Amino acid sequence: MSSGSERRKRRTVRDWSGYAGLCAMAETGEEVSAEASGFSDMSDSEFLEYLDLEDTQESSASLSKPGPSSELPGKDSKLISLPTWKRRLDVSSPMERFHLKYLYVTDLSTQDWCEQQMVYEKELPGFFAPEKAAVLDTGASIHLARELEVHDLVTLPITTKEDAWAVKFLNILSMIPVLQSEGRVREFPVFGEVAGVLLVGVIDELHYTAKGELELAELKTRRRPMLPLEAQKKKDCFQVSLYKYIFDAMVQGKVTSTSLIYHTKLCPDKPLGPSVLKHARQGGFSVKSLGDLMELVFLSLTLSDLPVIDILKIDYIHQETATVLGTEMVAFEENEVKSKVQHYMAYWMGHREPQGVDVEEAWKCRTCSYADICEWRKGGGMPSSIPEHQAKRVK
């Protein structure tokens, strides 16, 4: 953020040898948040879970063990009460209750770790332990350094959410020719409707192997020089599988501008801001509005003959030394991905209550900031706000 009374939000445009990469900064008028743009400028992989345990032994912690309090200390040391009463009385869906137009891929992958934890993070935003915030900052720095290895970043001033999305579209348009020439790109934005909800995310890296296969490489940084537990790997594998599912749909013409406009409430006829417009024209794109740019993006994606992703790979590296700790090759199972998505979306659409971990995975609670107030733990594996007669359906 800049100094003075003006608050500025930056959006990044990538510079791909001859085409300036973009960053957007909200200058005057309405402030454009990451939510408004549909993407955060950080890669999804930077939303790391602080899951480094002291050892890899699974604790025998019991789900039914009650926490000492139903409140959490806030930033000013005052107690924050969890709005359980609101959830109990609210008949709206979580999408409506949290005022969400779309979800991040990391929202669903976090559900794969612990859905109840993800809900608390939505209800009590910003409640990060200092050490977790430090891990996030370090991971973000590593990802930025890797991105700058392949292109430069240019900052553009923006004033509307349409401009923020335009920046993402310009980045996609700049990356397509690189992929067509079998080059390497980083921070590729993806979006698409899945099970009736818009999902957005950012792929760490796309490149081609020696055999000409398109490979997705996801980078995960680790605070400790050790590979994650299998449960963490499972969460990460689901994340990259979702990226493939959405990217493949984009290049196969299954993602439409109509769906995107419906979910985001963007105004396609709105003229682009002067800085975005100037940069688009410098890149050879004769556009005036967001709708013009969207049309170019969807045509380019479907007519560029880009292949679907062939290989999914996750590299785990140590934050301090940058040593590669190991590589996980991910087998894409489309039916399993669809099944998980349907289950997780049922929560977001209001068809079921949030669920915590099974007893066998209660060790996850050891590093959870919300363990002391968790309704799932207090209810022995069933949130206390659910009437008893509904328990079997939830489980």
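Residues numbered from 1 in each chain as written. Predicted model: local features only at pLDDT ≥ 70, side-chain atom pairs only at ≥ 80, totals over all residues. Heavy atoms only, no water.

So the rule is basically this: UniProt positions are given in the numbering used here, feature names are shortened, and annotations may be inferred rather than shown by experiment.
In the nomenclature of an unreviewed UniProt entry, the chain corresponds to Exonuclease V from the organism Mustela putorius furo. Regarding the chain, the UniProt comment filed under Sequence similarities (unreviewed entry) reads as follows: "Belongs to the EXO5 family."

Looking at unusual backbone geometry
Test applied: What counts as a helix is a DSSP run of H or I of at least four residues, what counts as a strand is a run of E of at least two, and both are numbered from the N terminus.
Phi at E182 is positive, roughly 60°, even though this residue is not glycine. Structurally, the position occupied by E182 is in the loop between α6 (161-180) and β7 (185-194). Phi at A322 is positive, roughly 65°, even though this residue is not glycine.

Considering the pairing of strand β9 (residues 214-222)
Filter applied, for reference: Only protein chains enter the accessibility calculation, which uses a 1.4 Å probe. A residue is then buried if its area is under 20% of the maximum for its type, exposed if over 50%, and partly exposed in between. Two strands are counted as paired when DSSP detects at least two bridges linking them.
For β9, a buried count of nine out of nine residues is recorded, marking the element as mostly surrounded by other parts of the structure. Taken together, the eight bridges between β9 and strand β10 (residues 311-318) define a ladder with parallel strand orientation. Within β10, the residue paired with K220 across the bridge is Y316.

Notes on the environment of T256
Here is the rule: For the purposes of these results, a polar contact is taken to be a pair of N or O atoms within 3.5 Å, where, inside protein, one atom must be able to donate a hydrogen and its partner to accept one; residues adjacent in sequence count only when each atom of the pair is a side-chain atom.
In this fold, T256 is placed in the loop between α7 (230-251) and α8 (257-264). A relative accessible area of 37% means that T256 is categorised as partly exposed. T256 sits 39 residues away from E295 along the chain, and the two C-alpha atoms are 9.5 Å apart. Polar side-chain contacts of T256 include one of 3.2 Å to the backbone nitrogen of S259.

Some details on the pattern of salt bridges
Our working rule: Salt bridges are identified by distance alone: a Lys or Arg side-chain nitrogen within 4 Å of an Asp or Glu carboxyl oxygen.
In this structure the tally under the stated criterion is 16 salt bridges. The residue R184 makes a salt bridge to E205 at a minimum N-O spacing of 2.2 Å. Separated by 21 residues along the polypeptide, R184 in the loop between α6 and β7 and E205 in strand β8 (residues 197-208) bring together distant segments of the chain. With a relative accessible area of 39%, R184 lands in the partly exposed category. One salt bridge in this structure joins K244 and D248, with 2.6 Å as the shortest N-O distance. Placement of the pair is K244 and D248 together in helix α7, with a separation of four residues, close to one helical turn. Assigned by exposure class, K244 and D248 land together as buried.

A few points about the side chain of E218
Topologically, E218 is positioned in strand β9. The buried category is assigned to E218, whose relative accessible area is 0%. Polar side-chain contacts of E218 include one of 3.5 Å to the side chain of K220. Among the polar contacts made by the side chain of E218, one reaches the side chain of Q239 at a distance of 3.3 Å.

Points about helix α9 (residues 274-282)
To keep things clear, this is the line we draw: Working note: the arc is built from the helix axis to C-beta atom directions.
Within the span of α9, buried status applies to V276, L277, H279 and A280. The buried residues of α9 occupy an angular sector of 165° when the element is viewed end-on, so they sit on one face. The outward face of α9, more than 90 degrees from its buried face, is lined by the exposed residues P274, K278, R281 and Q282. Backbone geometry just downstream of α9 places G284 in the positive-phi region, at approximately 90°.

Details of the packing of α7 against helix α11 (residues 334-348)
Convention followed: Under this scheme, a helix contributes an axis fitted over its contacting stretch, all axes are lines through C-alpha atoms, and angles between N-to-C directions fall in the 0 to 180 degree range. In what follows, roughly perpendicular refers to angles from 65 to 115 degrees, roughly parallel to angles under 35, roughly antiparallel to angles over 145, and oblique to any angle outside these ranges. We call two residues in contact whenever any of their non-hydrogen atoms come within 4.5 Å of each other. Only Asp, Glu, Lys and Arg are considered charged, only Ala, Val, Leu, Ile, Met, Phe, Trp, Tyr, Cys and Pro nonpolar, and every remaining residue, Gly among them, polar.
α11 packs onto α7 with a crossing angle of 100° between their chain directions and a minimal axis gap of 10 Å. In terms of their interaxial angle, α7 and α11 are classed as roughly perpendicular. Along its contact with α7, which presents K234, F238, S241, L242 and Y245, the element α11 presents E334, V337, K338, K340, V341 and Y344. A breakdown of the residues in the contact of α7 with α11 according to their chemical character gives six nonpolar, one polar and four charged.

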